[in-house]
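Next come the chains, spelled out residue by residue.
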Protein chains: 2
Amino acid sequence: MISVLLVGKGNVATHLYTAFFKADGISVKQISSRKLENVTPADVTIIAVSDDVIAEVSSKIKNTFVVHTSGSVSLNDLKNNSNKGVFYMLQTFSKDKEVDFSEIPFCLEATNEKEYQLLERLAKSIGIKIYTINSEQRKTLHVAAVFVNNFTNHLFKIGNDICKENYIPFEILQPLIKETFLKIQSLSPEKAQTGPAIRKDKKTIKNHLNLLNTGQQEIYNILTKSIQNGN
Amino acid sequence: MISVLLVGKGNVATHLYTAFFKADGISVKQISSRKLENVTPADVTIIAVSDDVIAEVSSKIKNTFVVHTSGSVSLNDLKNNSNKGVFYMLQTFSKDKEVDFSEIPFCLEATNEKEYQLLERLAKSIGIKIYTINSEQRKTLHVAAVFVNNFTNHLFKIGNDICKENYIPFEILQPLIKETFLKIQSLSPEKAQTGPAIRKDKKTIKNHLNLLNTGQQEIYNILTKSIQNGN
């Protein structure tokens, strides 16, 4: 039996609580980060709070092994005086949407091997995709996630804006978006590339720019240049 | 029975030929655009060739109704002396991958109602998603497609590059990419947005920029600004 104490009441903490509660071999308790007076002992204490209060919250916890769940905070930003680790799940969590933990990559790190193995057992109790990722790798992974999630989503927004302005339903683009995602399951993104930029089709590029507003043109130009430069 | 003559031997022409060949009520023939000496008559002649030769090829065809399949070429760029139309399928076609036409949006346009109805019957013989899209709308749809397909794919490439440089397998980002795509099935891209840009989290943005090369920084800055400006 592994005992887990979850600190935090946000999306990540609450989804984790539900998963651990159902898992075999795990006993779990969840508390608010504002009520740290009587923290119960646990094999693993998971702090799932905003990045900017991880240091402060961890400094108040006396338990033997304390981990956080952040993609952009170093292991050494934990300020407890005991063992440290990271239990980072690379996914966007929404409040009302059930989470399929078997689909989520667990990125684990710990100050020593024994604690690492404990985190691994914990991750395996609810998931299957387990990766050893150190603090430097995790930071770059977090940037990569911004590109493939936040920025990609913003391109969808621009596509939606262009459709709306021209009285075209956005749903018409959904099959293409789906294929864009499916294609990189079997091809590298580099090999999957098509379109006027990679073909260096100057005429189409010029026609496209004429249809866009200034902000959209700036993005179109910079991404076209980047595709053509191969960087 | 509708008789169809396909002009062209590329991906689009070949996938269309296969689909029409299997469909009920369609008789289909495919010829190369280089052999236009003996063009047989047909109810619909579909020119599926490169954008830059559509005008030339169409000028040589005497059939009663000639359409092209391009997203970025106007109906009036067809130079046949008879009826004109457009039969544009909004999807990327790969040579070796079977096409599910029931998933593909057909964007139709014709100079008059009778020909439009003929195109609609033709599209319905192999597909189910049929849209009336005029030349202006189709051009903007084509730009929108560049944003959600080519540019999105390039962001995946950058994510892949960042992973490679840091010895992280790209597969670790795939579930997040999948969720990014699934989220906009039920939420508008604007509402689906998360991350440091929309949160105006200056500290994380600064840390991210420090991890990127010059080209990546330029893209990061411009997309962050665009997310924050809501444009």
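Since we're looking at a predicted model, the values are computed, not measured.

Visitor: Help me out: how do you make sense of the interface of chain A and chain B in this one?
Guide: A common way to report how large an interface is uses the accessible area buried once the components associate. With 68 residues of chain A at the contact, the number on the chain B side is 67 residues. For the side of chain A that touches chain B, the secondary-structure elements that each account for two or more residues are helix H4 (135-165), helix H5 (174-186), helix H6 (189-192), helix H7 (196-199), helix H8 (202-210) and helix H9 (214-229) of chain A. When residues of the side of chain A that touches chain B are assigned to their parent elements, the largest contribution, 24 residues, is made by H4(A). Partitioning the side of chain A that touches chain B into residue classes produces 36 nonpolar, 25 polar and seven charged.

Visitor: Can you walk me through the environment of A:Thr140 in this structure?
Guide: Topologically, A:Thr140 is positioned in helix H4. Distance from A:Thr140 to A:Gly71, taken between C-alpha atoms, is 9.0 Å for residues 69 residues apart in sequence.

Visitor: Even after reading the chapter, I still don't get the relation of the copies chain A and chain B, so can you show me in this structure?
Guide: Superposition of the two copies of the chain requires a rotation about an axis and a shift along the axis. Placing chain A over chain B gives an RMSD of 0.1 Å and needs a rotation angle of 180°, together with 0.0 Å of translation along the axis. Taken together, these values place the two copies in the relation of a two-fold axis. Nearest to the rotation axis, the C-alpha of A:Thr152 is located 2.7 Å from it, this being the minimum over chain A. An overlap of 99% is found between the interface residues of chain A and their copies at the interface of chain B, pointing to a shared contact surface.

Visitor: Explanation requested: the confidence of the model for chain A in the structure shown.
Guide: In low-pLDDT regions, the fine details of the predicted coordinates are not to be read closely. This prediction gives chain A a mean pLDDT of 95; 100% of its residues lie at or above 70. Both scores are given for the predicted complex: the pTM is 0.91, the ipTM 0.91.

Visitor: What is the right way to look at the sheet that holds strand S2 (residues 26-31) of chain B in this model?
Guide: Where strands meet in a sheet, backbone hydrogen bonds hold them as pairs that are either parallel or antiparallel. All names here are of chain B. Taken in spatial order, the seven strands make up an open sheet running S2-S1-S3-S4-S5-S6-S7, and their pairing is mixed. Across the chains shown, the open sheet's two edge strands, defined by having one partner strand only, are S2 and strand S7 (129-132). On average, adjacent strands in this sheet sit at an angle of 25° to one another, irrespective of strand direction. Where strand S4 (residues 65-68) and strand S5 (residues 83-89) come together, four bridges link them in parallel fashion. Directly across from Phe65, in S5, lies its bridge partner Asn83. Along the sheet, helix H3 (residues 113-126) makes contact with strand S1 (2-7), S2, strand S3 (44-47), S4, S5, strand S6 (105-110) and S7, crossing S6 at roughly 165°.

Visitor: Even after reading the chapter, I still don't get the domain arrangement of chain A, so can you show me in this structure?
Guide: Residues and elements named next belong to chain A. For chain A, the assigned domains read domain 1 (2-133) and domain 2 (138-229). With centres defined by C-alpha atoms, the gap from domain 1 to domain 2 works out at 35 Å. Counting residues at the interface gives eight residues for domain 1 and six residues for domain 2. Among the residues forming the side of domain 1 that touches domain 2, the class breakdown is five nonpolar, three polar and no charged.

The rules behind the values
- Residues numbered from 1 in each chain as written.
- Chains lettered and ligands numbered in written order.
- Predicted model: local features only at pLDDT ≥ 70, side-chain atom pairs only at ≥ 80, totals over all residues.
- Contact = placed C-beta atoms within 7 Å.
- Helix = DSSP H or I, 4+ residues; strand = E, 2+ residues; numbered from the N terminus.
- Nonpolar A, V, L, I, M, F, W, Y, C, P; charged D, E, K, R; others polar.
- Least-squares fit on C-alpha atoms with pLDDT ≥ 70 in both.
- pLDDT = per-residue confidence, 0-100.
- Pairing = 2+ DSSP bridges.
- Axes fitted to C-alpha atoms, helices over the stretch in contact; angles between N-to-C directions.
- Domains from an automatic or database assignment.

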